[in-house]
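Read off the chains here:
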Amino acid sequence: MNDNPGAAPVQTARELKAQIEAERAGVPFLIYRDGSEDQRIFVLGDELDRVTVGRAGTTDISVEWDTEVSRLHAELERIGGDWTVADDGLSRNGTHVNGERVVGRRRLADRDVIRFGKTVATYRQPLAADLGETEVATGVLDRASLTEAQRRVLIALCRPFKDSSGYVTPATNQQIADELFLSIDAVKTHLRALFAKFGIEDLPQNQKRVRLVELALKSGVVSPRDL
């Protein structure tokens, strides 16, 4: 559950690892938090063509903790290889994608943010994401393409995720500066270069650092041994 869909989620290392593994599987999935703020991943496997969402325990994705969700709130349906979301008047409070209320049926794209009541889910379609990122990332997501200083900053950014089971966020600029004996301005300069090299400079500011950690670990530019 997340009342601020624009904010980057606070993740544990275990949760980040689960996301990376889900992406590597190449199958669409939904990622959201339950009433205890624990991360949940619902895989939209090939065996599924229709998924119901609601507060009733009989729905496929049951969000019983959210009182703003109707018993049967919305449906996800696979049509022609793409997943869509539809409300069609099922819910009292509506279903929203990227802040817009769904009228009828809407086709989902990778990283669309869906809100059912107070519950926010992100739709992931890893194969589509990989195709979209390839042009930007070709020849970039490897160690040789980074300067030694950039790689040290990247490792310091990722360090809080080493063997952590609690909630963690990427290292702050001050923490990176203290570890590497750099100025804050130097850290910012290296991070701007890294955002550009990983093709995420256009993301909202509050999402860039978490996404950079995800890409660094997923691509192997930073390995667990580096942390």
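Residues numbered from 1 in each chain as written. Predicted model: local features only at pLDDT ≥ 70, side-chain atom pairs only at ≥ 80, totals over all residues. Heavy atoms only, no water.

*Asks:* Where do I start with the overall build of the protein chain in this structure?
*Replies:* Of the regular secondary structure elements, the protein chain holds six helices and 11 strands. Once local pairs closer than 6 in sequence are excluded, the contacts in the protein chain between residues at least 24 apart make up 49%. Within the structure as shown, the protein chain displays about 11,600 Å² of accessible surface, and the carbon and sulfur contribution to it stands at 49%. (Helix = DSSP H or I, 4+ residues; strand = E, 2+ residues; numbered from the N terminus. Contact = heavy atoms within 4.5 Å. Areas by Shrake-Rupley, 256 points an atom, 1.4 Å probe, with all protein chains shown as cover.)

*Asks:* Mind showing me how you'd approach the sheet that holds strand β2 (residues 39-43) here?
*Replies:* As a general point, the strands of a sheet are linked pairwise by backbone hydrogen bonds and lie either parallel or antiparallel. The strand order β2-β1-β11-β10-β7-β8 describes an open sheet built from six strands, whose pairing is antiparallel. Looking along the sheet, the strands with just one partner apiece sit at the ends: β2 and β8 (100-101). Bridge count for strand β10 (residues 113-116) against strand β11 (residues 119-124) is four bridges, and the pairing is antiparallel. Bridging across to β11, Ile-114 finds its partner in Ala-121. Docked against the sheet, helix α1 (residues 13-25) engages β1 (29-33), β2 and β11, running at close to 10° with respect to β2. (Pairing = 2+ DSSP bridges. Axes fitted to C-alpha atoms, helices over the stretch in contact; angles between N-to-C directions.)

*Asks:* It is not clear to me how the sheet that holds strand β6 (residues 82-86) should be interpreted in this structure. Could you clarify?
*Replies:* The mixed open sheet is built from five strands, whose spatial order is β4-β3-β5-β6-β9. Every other strand in the sheet has two partners, leaving β4 (61-62) and β9 (105-107) as the edge strands with one partner each. For β6 and β9, the ladder comprises three bridges, and the chain directions are antiparallel. Its bridge partner lying in β9, Val-85 is registered against Arg-106.

Just distances and angles here, no functional claims.
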